[in-house]
Amino acid sequence: MSDYHEVSLRRYEEELDQRYQEEYERAKNPKVCWFIITPDWEEWANSEKEKNDLIQSAKDDGLRYSCTKHIEGEKY
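Residues numbered from 1 in each chain as written. Predicted model: local features only at pLDDT ≥ 70, side-chain atom pairs only at ≥ 80, totals over all residues. Heavy atoms only, no water.

Colleague: Where do I start with the pairing of strand β2 (residues 42-45) in this structure?
Modeller: In the case of a regular strand, side chains alternate between the two sheet surfaces. Pairing geometry for strand β1 (residues 32-37) and β2, over 4 bridges, is antiparallel. Residue pairing across strands places Phe-35 opposite Trp-44, the latter belonging to β2. (Pairing = 2+ DSSP bridges. Helix = DSSP H or I, 4+ residues; strand = E, 2+ residues; numbered from the N terminus.)

Right under this line is the structure:
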């Protein structure tokens with residue numbers, strides 16, 4: 001095999017390894033977000049604290065709310 005082909009093959013294998021590692025990390029630590037909806041507003045929260053703040057805001061305003069948890073990559 002020529003040097004060009006060996007280098008190309010090695011680069012391809014390294015890219016596959018990197019993609020596998022990224023997918024493994026995403027599966028191990030998925031990105032989670034929450035969707036909070038009230039009669040007056042709807043909002044996405046990207047952290048537990050942000051979710052809790054939005055829920056508390058809805059409670060303070062006397063609003064009924066719904067909160068759903070979403071995991072990146074899962075279909076809902």
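From this point, the discussion proceeds with the structure in view.
Colleague: Sorry if this is basic, but what is going on with the sheet that holds β2 here?
Modeller: Remark on secondary structure: sheet strands pair via backbone hydrogen bonds, oriented parallel or antiparallel. The strand order across the open sheet formed by 3 strands is β2-β1-β3, and the pairing between neighbours is antiparallel. Each end of this open sheet is capped by a strand with a single partner; those strands are β2 and β3 (66-71). Each neighbouring strand pair of the sheet contributes to a mean axis angle of 20°, computed without reference to strand direction. Pairing between β1 and β3: 6 bridges, direction antiparallel. Within β3, the residue paired with Ile-37 across the bridge is Ser-66. Against the sheet, helix α2 (residues 48-60) makes contact with β1, β2 and β3, and its axis sits at roughly 155° relative to β2, the strand it touches most. (Axes fitted to C-alpha atoms, helices over the stretch in contact; angles between N-to-C directions. Contact = heavy atoms within 4.5 Å.)

Colleague: Explain a negative patch on the surface to me, please; I cannot follow it from the model alone.
Modeller: Taken together, the side chains of Glu-13, Glu-14, Glu-15 and Asp-17 define an acidic patch exposed on the protein surface. For Glu-15, a relative accessible area of 36% puts it in the partly exposed group. (Patch = residues over 30% accessible without salt bridge, like charges linked within 9 Å, V, L, I, M, F, W, Y side chains within 5 Å. Areas by Shrake-Rupley, 256 points an atom, 1.4 Å probe, with all protein chains shown as cover. Salt bridge = Lys/Arg side-chain N within 4 Å of Asp/Glu carboxyl O. Lys, Arg positive; Asp, Glu negative; His and termini not counted. Charge placed at Lys NZ, Arg CZ, Asp CG, Glu CD. Buried < 20%, exposed > 50% of the residue type's maximum accessible area, 1.4 Å probe, protein only.)

Colleague: Got a minute to help me understand the packing of aromatic side chains in this structure?
Modeller: By convention here, two paired aromatic rings are described through the distance between centres and the angle between planes. Per the stated rule, a full pass over the model turns up 2 aromatic pairs. Here the aromatic rings of Tyr-20 and Tyr-24 are separated by 6.4 Å at their centres, their planes lie at 20°, and the arrangement is stacked. Taken together, the residues span about one helical turn, with Tyr-20 and Tyr-24 both in helix α1 (residues 3-28) at a distance of 4 residues. A ring pair is formed by Phe-35 and Trp-44, whose centres lie 4.7 Å apart and whose planes are at 45°; its orientation type is tilted. Given a relative accessible area of 40%, Trp-44 falls into the partly exposed group. (Phe/Tyr/Trp six-rings, centres within 6.5 Å; stacked < 30°, edge-to-face > 60°.)

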